[in-house]
Every structure is written in structure tokens, then in C-alpha cells.
Amino acid sequence: NNQAINSNTGLTFRGIASYYGDKFEGRTTASGEIFRQNVLTAAHKSLPFGTRVKVTRVDNGKSIIVKINDRGPFVAGRIIDLSYSAALAIDIIQMGVAEVVVEVVE
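Residues numbered from 1 in each chain as written. Predicted model: local features only at pLDDT ≥ 70, side-chain atom pairs only at ≥ 80, totals over all residues. Heavy atoms only, no water.

## With respect to the overall build of the protein chain
Phase 1: Counting secondary structure elements, the protein chain contains 1 helix and 6 strands.
Phase 2: In terms of overall dimensions, the protein chain is globule-like: its C-alpha atoms have a radius of gyration of 13 Å, near the 13 Å expected for 106 residues.
Phase 3: When the backbone C-alpha atoms are referred to their principal axes, the protein chain occupies close to 45 × 30 × 25 Å.
Phase 4: Counting across all 106 residues of the protein chain, residues that qualify as buried make up 38%.
Phase 5: In the protein chain, the proportion of contacts linking residues at least 24 apart, taken out of those at least 6 apart, comes to 71%.
Phase 6: For the protein chain, the exposed area adds up to about 6,000 Å²; of that, 50% sits on carbon and sulfur atoms.
Phase 7: The distance from the centre of the 12 positive side-chain charges to the centre of the 10 negative ones in the protein chain is 2 Å. (Helix = DSSP H or I, 4+ residues; strand = E, 2+ residues; numbered from the N terminus. Rg over C-alpha atoms; globule rule 2.2 N^0.38 Å. Buried < 20%, exposed > 50% of the residue type's maximum accessible area, 1.4 Å probe, protein only. Contact = heavy atoms within 4.5 Å. Areas by Shrake-Rupley, 256 points an atom, 1.4 Å probe, with all protein chains shown as cover. Lys, Arg positive; Asp, Glu negative; His and termini not counted. Charge placed at Lys NZ, Arg CZ, Asp CG, Glu CD.)

## Side note on the pairing of strand 5 (residues 78-83)
Phase 1: Most of strand 5 sits out of view: 5 of its 6 residues are buried.
Phase 2: Examined bridge by bridge, strand 1 (residues 12-20) and strand 5 share 5 bridges and lie parallel to one another. Following the sheet pairing, S18 is matched in strand 5 by D81.
Phase 3: Direction of pairing for strand 2 (residues 41-43) relative to strand 5: antiparallel, over a ladder of 2 bridges. Bridged to A42 within strand 5 is L82. (Pairing = 2+ DSSP bridges.)

## Observations regarding the sheet that holds strand 4 (residues 63-70)
Phase 1: The strand order 1-5-2-4-3-6 describes a closed barrel built from 6 strands, whose pairing is mixed. Strand after strand, the sheet turns through a mean of 45° between neighbouring axes, direction not considered.
Phase 2: As paired elements, strand 3 (residues 52-57) and strand 6 (residues 98-104) share 5 bridges and run antiparallel to each other. Bridged to V55 within strand 6 is V102. (Axes fitted to C-alpha atoms, helices over the stretch in contact; angles between N-to-C directions.)

## Considerations on the nonpolar core
Phase 1: Counting residues in each nonpolar core, the largest one holds 19 residues, and the members touching the most others are V53, V55, V66, I80, L82 and V100.
Phase 2: Elements that contribute at least two residues to this core include exactly strand 3, strand 4, strand 5, helix 1 (84-89) and strand 6.
Phase 3: In this structure, V100 is in contact with F13, R14, G15, A17, V55, T56, R57, V58, I79, I80 and I90, ignoring residues within four places of it in sequence. (Core = buried A, V, L, I, M, F, W, Y, C linked by side-chain atoms within 4.5 Å.)

## Some thoughts on the environment of V100
Phase 1: On the secondary structure map, V100 appears in strand 6.
Phase 2: Taking the relative accessible area as the measure of exposure, V100 reaches 0% and is therefore buried.
Phase 3: Along the chain, V100 and F13 lie 87 residues apart, while their C-alpha atoms are 8.3 Å from each other.

Next up, the structure:
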């Protein structure tokens, strides 16, 4: 029983994270799941759906593990779009964006 290992495990990216919430609540994400702003999920342009990534804020060291279930962000320079609750966990709600390191963990 050979379990497939995510070939992206260990990959890291550095860039700007943003978040999305209210207006997308209940909508279908690109993966077919329903978006819930209180669930720890995120949008990424290319990582496979279901990939779990650790997102760490560069300036305060706070981190959170989220599951990729949507596509985006579609704003130049941004590498990940977090759900509201994930953004809250690493304290980016007030600023709206923050520099982060994204590491594929699973």
C-alpha cells in the first residue's frame, strides 16, 4: 500500500498574503467545496487542491496551517489568499496584507 507523497512537500514560497471573507461566504470554490470564512483554507494559483501549507508571517512569526481549496489570488505580487479565520490567526486583518512564507507540509 504505497501512499502517494505530495511531490510539492517542502516547497517554500515567499510573498504577500491577503485574505477574503464575507462576500464569498457560501460560494463554491474552484475545488467544488463551499467557501466558509471560519474554516482554515486558502486560495493558491497552482498548488493541487487538498495541499496543506504552513503560512508564517515574516514580521511576527505567527503561523497557521491551511488547506488549499480555491484558486487565486489574482492580484499581482500576492501569493496566497487566506480565509478570514486563517488571516485572523496570523493577525493580518487590520493591515489586509502581510509578507509571509508559505511552506508545503502535506
